[in-house]
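Secondary and tertiary structure notes
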Amino acid sequence: MPLAASLERAVTDSAELLLAAGAVLALAYGLTRSRIGVFQWPLLGASVLALGVGAGLGGWAWHEKQPKKTKPSEKPSVELTQVQWPTYGYDTQRTHLAPDWRNLRPPYHGLWKLKAHGDIEFPPSVAYRKVYVAQQKGRFYAINARTGKIVWTKHFPNCSAASPTIADGIVYQAYMHELPCQKHAARAEGFVIAWNAKNGRELWRVRAGSVESSPLLVGKMLYFGSWDRHLYAYRIRGERRPLLQWTFSADDQIVAAPASAGNLVIVATSSGSVYGVDRKTGRERWHATSFSRFGSREYFYATPTVAYGRVFIGNADGTVYAFGANSGHLLWARQVGTYVYTAAAVWRKTVFVGTWDGNFVALDARTGNVRWRYDAPSSITGAPTVLAGLVYFSTCGRCGVGGLRRVKSGPRGTWALNARNGDAIWHFPDGKYSALVADGRRIYISGRNKVYALIPRLRWEQLRRLHAAEKCAHLRRARARARCLSKARRGTSSGTHGSKKAGRTSKRKNQ
């Protein structure tokens, strides 16, 4: 358990206990001072001492939780390029912002679902009319995006907690140590593998320490972090084995995925450090850290998000930090909850994150001020996604229960909120980690151990009418055609508006 969290809990509990004891002693002094004679003064002294020490400890705990003073902010600047969903966070900046697919809005209808036979911690990637998904226990699936049928699959005796990265007909996937999946196992070894995206033929693999971060592909360079404290940079040569260009040594394990910021690669570590590393040379350009609380810094599990000339990243201390992307200067910091494990999504100069105590928060990207807050039914662990003016996130159920800080326990599910004001729009009854990805025609939700493909209900009804007209056109009798059309139009929807209980998808029947 992190030292800072342990000290925070101890100091907070001690302050509460001493304040309560002081209040009880003060009450006893007030009731008995006329009857106990000379003993009233020790009683009064003990009361004052307990209240003073308790107030001091409480003030220290409050001070340690406050954001420190920051330097003036930098001017915002960001450009987003509309491409397919080839990697974790949609693009190399990890913005989690989908293109302007305005046709993808609820209510939705279920098309198909796939049982992955294991938890899906990181979302799929979508390319070439396929959905590529890795589950935790070493299984990997390439799925036909329209039908949900498995095109090809792989299975390794290794854990996986990363999204695939796809480009130029090649799928890059990171793997950790061998099963069972133990956290931060010493001297663990893993690898990054490349497959032919069409048929799954293995092209090459490179070994490193346990690799938990989703690979970052910028041009012909592939970057990934490892538990061995190194950031690796490989030059891609198509289907041939890549060449190692450089490695960068950090101060601790690199769990989160790296992100691109111009000529820099941004990477965070388990010691509360964030680095800006030159993409070409691997040299450190800047180094920033999280706040020191109770004599220790807590870790970054969340992937950094680069937008508006800033690096946004949440820390396990419950704070969202904004650093200058070129300088590493701390621009602002905002305490939003107990633990922040989610990478940030950005949209219209707003930053969206979730916390383990059930807060989903929208922050001003320039100042860090809270724009709105939504009370989720349980902890939020995976990154949100912004699509067509809605921000989607999943609740994790009982994730984190038993920690030193407050963790909210409740139902799992996926939620869509109005990104402008936080109003609940839609709910789906499955989800756990990251919310969804899309491809312009369908959305794909990662449940606990299933992948769902959904289509807007209006589009579904149009397709049903079209198919029904084609199927029933050969019938001569009007009554028979009407029965045929009525039967063909039947179907189920997936999800409901607002916060009401949603209906599950149904498997698509083979026509």
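Presented here is a report on the structure given in the accompanying data block. Just so you know, these numbers come straight off a predicted model, no measurement behind them.

Details of the sheet that holds strand β14 (residues 259-261)
Taking strand neighbours across the sheet as the criterion, the 4 strands line up as β14-β15-β16-β17 in an open arrangement whose pairing is antiparallel. At either end of the open sheet lies a strand with only one pairing partner, and these are β14 and β17 (284-289). Within the sheet, the average angular offset between the axes of one strand and its neighbour, ignoring direction, is 25°. For strand β15 (residues 264-268) and strand β16 (residues 273-278), the ladder comprises 5 bridges, and the chain directions are antiparallel. Across the sheet, residue Ile266 finds its bridge partner in β16, namely Gly276.

Remarks on the state of the cysteines
Throughout the structure, instances matching the rule amount to 2 disulfides. There is a disulfide in this structure between Cys159 and Cys181, and the S-S distance comes to 2.0 Å. Across the S-S bond linking Cys159 and Cys181, the dihedral sits near -115°, which makes this disulfide left-handed. Of this pair, Cys159 sits in the loop between β5 (150-155) and β6 (165-167) while Cys181 sits in the loop between β7 (170-175) and β8 (189-196), and the two are 22 residues apart along the sequence. By relative accessible area, which is 1% here, Cys159 ends up buried. Since its relative accessible area comes to 42%, Cys181 is described here as partly exposed. Each sulfur in the disulfide pair Cys396 and Cys399 lies 1.8 Å from the other.

Some points on the sheet that holds strand β2 (residues 125-127)
Here 4 strands make up an open sheet; going across it, the order is β2-β3-β4-β5 and the pairing antiparallel. A single partner strand is all that each edge strand has here, and the edge strands are β2 and β5. Between one strand axis and the next, the sheet turns by 15° as a mean value, whatever way the strands run. Note that strand β4 (residues 139-144) and β5 share 5 bridges and pair antiparallel. Residue pairing across strands places Tyr141 opposite Thr153, the latter belonging to β5.

Brief notes about the environment of Asn196
Positionally, Asn196 belongs in strand β8. The exposure class assigned to Asn196 is buried, which follows from its relative accessible area of 13%. Reaching out from Asn196, the side chain makes a polar contact with the backbone nitrogen of Asn199 at a distance of 3.3 Å.

Overview of the pairing of β17
Side-chain direction in a regular strand flips from residue to residue, so the side chains alternate between the two faces of the sheet. Sheet topology places β16 next to β17; 5 bridges connect them, and they run antiparallel. Note on β17: the bridge partner recorded for Ser273 is Thr289.

Observations regarding the side chain of Thr350
The residue Thr350 is located in strand β23 (residues 350-354) in this model. When sequence neighbours within four positions are dropped, the list of residues in contact with Thr350 reads Tyr308, Ala345, Ala362, Leu363, Ala365 and Arg371.

Observations regarding the pairing of strand β1 (residues 108-115)
Burial analysis of β1 places 6 of its 8 residues in the buried class, which makes it a mostly covered element. Sheet analysis places β1 next to strand β32 (residues 450-456), joined by 7 bridges and oriented antiparallel. In the strand pairing of β32, Lys113 is matched with Tyr452.

Examining the pattern of salt bridges
Opposite charge on two side chains permits pairing when their charged atoms draw close. Tallied over the entire structure, the rule returns 12 salt bridges. A salt bridge links Arg448 to Asp119; its shortest N-O distance comes to 3.3 Å. Of this pair, Arg448 sits in the loop between β31 (443-446) and β32 while Asp119 sits in the loop between β1 and β2; the two residues are 329 residues apart in sequence, bridging distant segments of the chain. Given the relative accessible area of 32%, Arg448 is considered partly exposed. Overall, the relative accessible area of 14% leaves Asp119 in the buried class. Taking the shortest distance from any N to any O, the salt bridge between Asp278 and Arg285 comes out at 2.3 Å.

Concerning the nonpolar core
Ranked by internal contacts, the top residues of the largest apolar core, which has 37 residues, are Leu387, Tyr392 and Ile443. Of all the secondary structure elements, the ones that give two or more residues to this core are β1, β3 (130-134), β4, β27 (390-396), β29 (424-428), β30 (436-438), β31 and β32. Considering every element that reaches this core, the biggest residue donor is β32, with 5 residues. If we ignore the near neighbours within four places in the chain, the residues touching Ile443 are Leu104, Tyr108, Leu387, Leu436, Val437, Ala438, Tyr452, Ala453 and Leu454.

Calculation criteria
- Residues numbered from 1 in each chain as written.
- Predicted model: local features only at pLDDT ≥ 70, side-chain atom pairs only at ≥ 80, totals over all residues.
- Heavy atoms only, no water.
- Pairing = 2+ DSSP bridges.
- Helix = DSSP H or I, 4+ residues; strand = E, 2+ residues; numbered from the N terminus.
- Axes fitted to C-alpha atoms, helices over the stretch in contact; angles between N-to-C directions.
- Disulfide = S-S within 2.5 Å.
- Buried < 20%, exposed > 50% of the residue type's maximum accessible area, 1.4 Å probe, protein only.
- Polar contact = N/O pair within 3.5 Å; in protein donor to acceptor, adjacent residues only side chain to side chain.
- Contact = heavy atoms within 4.5 Å.
- Salt bridge = Lys/Arg side-chain N within 4 Å of Asp/Glu carboxyl O.
- Core = buried A, V, L, I, M, F, W, Y, C linked by side-chain atoms within 4.5 Å.

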